[in-house]
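Here is how the chains run, residue by residue.
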Amino acid sequence: MVELSPVPFAVLITRMFREMERKQAIFDYPLRRLVSGSPSRDLSVTIHGHRAASPFGPAAGPHTQLAQNIVLAWLAGGRVMELKTVQIKDDLVIPRPCIDMQTVGFNVEWSQELSLSQSLEEYVKASMLIEMLKASGLAAGMGDTVFDMSVGYDLAGIRSPKVRAFLGGMRDASGIVEKLRTQIPAPWAHLKDLPFPTKLSDTLTLSTFHGCPPEEIESIGAFLLEEMGLHLVVKLNPTLLGKPALTAILHDSLGYHDLHVPDAAFAKDAKWEQIEGIVDRLGRLADRLGHSFGVKFSNTLLVENHKNFFPDSEKQMYLSGAPLHVLAIALVRRFRETFGDRFPISFSAGIDAGNFADAVALGLKPVSVCSDLLKVGGYGRAQRYFARLIDRMETLNAVDIDAYILKSFGQAESALADLDLPAERADACRRALAQGGDLTMAAGDAFPAWVGKARLRNTEIYAARVLADPRYHAVENSVAPRKIGSRLALFDCLTCDKCIPLCPNDANFPLPIPPTTLPIRHLRRTADGWAVDESGVLTLAKPHQIGTFADACNECGNCDVMCPEDGGPYLSKPLFFGSVESWRQAEGRDGFAFEILPDGLRMHGRFGDRTVTVESGNDDVASVRYTGTGFDLRLDPAQPAGTAEGHAEQAVDLTCLDIMELLRRAVTGSDNFVSAGIDYQRTQTGSPISQ
């Protein structure tokens, strides 16, 4: 098993800018897919008093744990970053695999895999990288980004010094910013003086874990509002619908008869009547303190594990995707029936290109995404979200999100009738609607209330619509990605490259190895010197190969699910570690690591129970040093028999050497986290990279 390990800041910077220059991409995300909004439509929303240039962002989960995740989400148009939930237990052992997107979406991971201090630094790194990209001209009018913290799960943990330190660090990260500022590599030294934000966040979404007692929720909320001085959102569970209503939707309306929510989930979770009181009281408390308060729909839904994808230890799993969307929208409807437009609602449940624009039209903000970004195309799928939203805004002649909310469902006049406006003002609003005039000016100080009434009406219409929409039904979401029956090996596959963009951490990457043939050779000593015996060939027929960066891989299993072949890229493809230390710690996994030498590069390799090293120099000399158990040789891989020097107790398999030389040239000759690490270390010593 490999362990998730943050990429050093200098390595992230080195790769980011080198890749921009060489490939017009960042972390394998092509810049041609950069989401930059619309010059004629204002997509911005206000989140707890902060402007976000778009209502879209990644949900707290696999897309917001590492710095490169957050940068990728930003490139895809995300401007509200719901950061991965952290808690006092920051040494969790996560079941592997932990994400199953075969149909609708399930997972068994629910908190950060890094320590609290690592999480804090990752978020600071991400913020600084975004500022660097903005300084490079990539924001294109969409510069405002909001970072939203997420914590769980009990009051004792959140009140602990450890979690308080995390919260304090997010509110004042000046020390970390200054430390990281010194790590910016020399080629980008001109960026060291950027005014990097030191107050990363003063907003927080409380993740009320399944079974969290109602009184605990309220106590945590009060603590975060009063003692920590934060704007607060409380994430609520789908079980609030109650068993009869939830089952009627899930089974009867949508047809997911194989999904069963344990009775204990309903018994332990808060009831609607309890949440009504909690929300009202926390809302009043926030008002008195001058803070913002809202709710989020929804948490995932706890269901029994009836599948065989996750480890046998996991008896329950968490549902996401299409069915959760319908359940969460039903909760939005019920909440607004109770509270009207009193509280803002953030939303994350089954969002995709087909419903993102509708969710925005309900006034939900942010509208965050997880499951859909785990499908083929990954972060690039967000392009269609924005294309459809902007297209609808243009069709409706809506210049901003509020105007879009008013016009999207055709409820502007009905919403206007819900207000008790003077006739002259109401007539001005109707004329502005009919003639495409300025709705804000026409309504004056009544404009926010008008938009609020439209949000309520839009919600009623949409909630009824999604319940009947076939795209959310089980029959439309029951087909798993197609498998073709072949099994992955170290080299060659379909090279469909699906595994590269759908990895939230950018752990999978292309290796530029052209079609080639490697002879299977053994070098043996003879009475006269050395001889080579050949016993076949290893053929690489595909135009390129796939590698995996171990430090950024948490073995979630998502690339396995989406791969047309069996075996999982993260388990089968060449695995590269960011350090020799991490390579040694993962002793049960085949893989490779590089070590910088004063005059060259040492590559460590593990093939089953064999470990070998290959040392190559910085010069053009073809000779390498090849060592392993029972042998220590110096030779030219192209002519081993005529150049070999050293000792070998028995015949030496040269196949490992040939594979490692092939991989070394491919890795160091392309843009990836491994080569960026080598590149950065070389710049520190002034030595060239070995190609």
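Look up: the structure comes first, before these words.
Description of the structure in this document. (Residues numbered from 1 in each chain as written. Predicted model: local features only at pLDDT ≥ 70, side-chain atom pairs only at ≥ 80, totals over all residues. Heavy atoms only, no water.)

This next bit is on the pattern of salt bridges. Overall, the coordinates contain 45 salt bridges when judged by the stated rule. Across the pair Arg381 and Asp372 runs a salt bridge, and its minimum N-O distance is 2.9 Å. Each member of the salt-bridge network shares a partner with another, and the members are Arg15, Glu19, Lys23, Asp28 and Asp506. (Salt bridge = Lys/Arg side-chain N within 4 Å of Asp/Glu carboxyl O.)

Our focus in this paragraph is the sheet that holds strand β8 (residues 106-107). If you walk across this open sheet you meet the 4 strands as β7-β8-β14-β13, and the pairing is antiparallel. This sheet does not close on itself; its edge strands, each paired only once, are β7 (99-100) and β13 (301-304). Across 2 bridges, β7 lies against β8 in antiparallel orientation. Across the sheet, residue Ile99 finds its bridge partner in β8, namely Asn107. (Pairing = 2+ DSSP bridges. Helix = DSSP H or I, 4+ residues; strand = E, 2+ residues; numbered from the N terminus.)

This brings us to empty space enclosed by the protein. To find leftover empty space, a probe the size of one water molecule is rolled over the atoms. Tallied over the entire structure, the rule returns 5 cavities of 30 Å³ or more. Of the voids in this model, the largest cavity is the one considered here, and its volume is about 500 Å³. Every residue lining the largest cavity is counted, 36 residues in all, and those nearest its centre are Ala60, Asn107, Lys235, Asn299 and Thr300. Of all the secondary-structure elements, those providing two or more residues to the lining of the largest cavity are β8 and β16 (367-369). Split into classes, the residues belonging to the lining of the largest cavity amount to 16 nonpolar, 14 polar and 6 charged. The calculated volume of the second largest cavity comes to roughly 90 Å³. (1 Å grid on protein atoms, 1.4 Å probe; cavity = no way out; pocket = protein on both sides within 12 Å on 5 of 7 lines; lining within 4 Å. Points joined across faces, edges and corners; volume = space filled by probe spheres on them. Nonpolar A, V, L, I, M, F, W, Y, C, P; charged D, E, K, R; others polar.)

What follows covers unusual backbone geometry. Of note, the amide linkage connecting Phe297 to Ser298 takes the cis form, showing an omega dihedral of 10 degrees. With respect to the helices and strands, Ser298 occurs in the loop between β12 (293-297) and β13. Notably, Asp492 is not glycine yet its phi reads approximately 60 degrees, a positive angle. Checked against the element boundaries, Asp492 lands in the loop between α18 (447-468) and β17 (508-511).

Right, let's talk about the side chain of Thr239 for a bit. Within the secondary structure layout, Thr239 lies in the loop between β11 (231-236) and α8 (243-253). Residue contacts for Thr239: discarding those within four places in its chain leaves Leu246, Val261, Ala265, Phe266, Asp269 and Leu301. (Contact = heavy atoms within 4.5 Å.)

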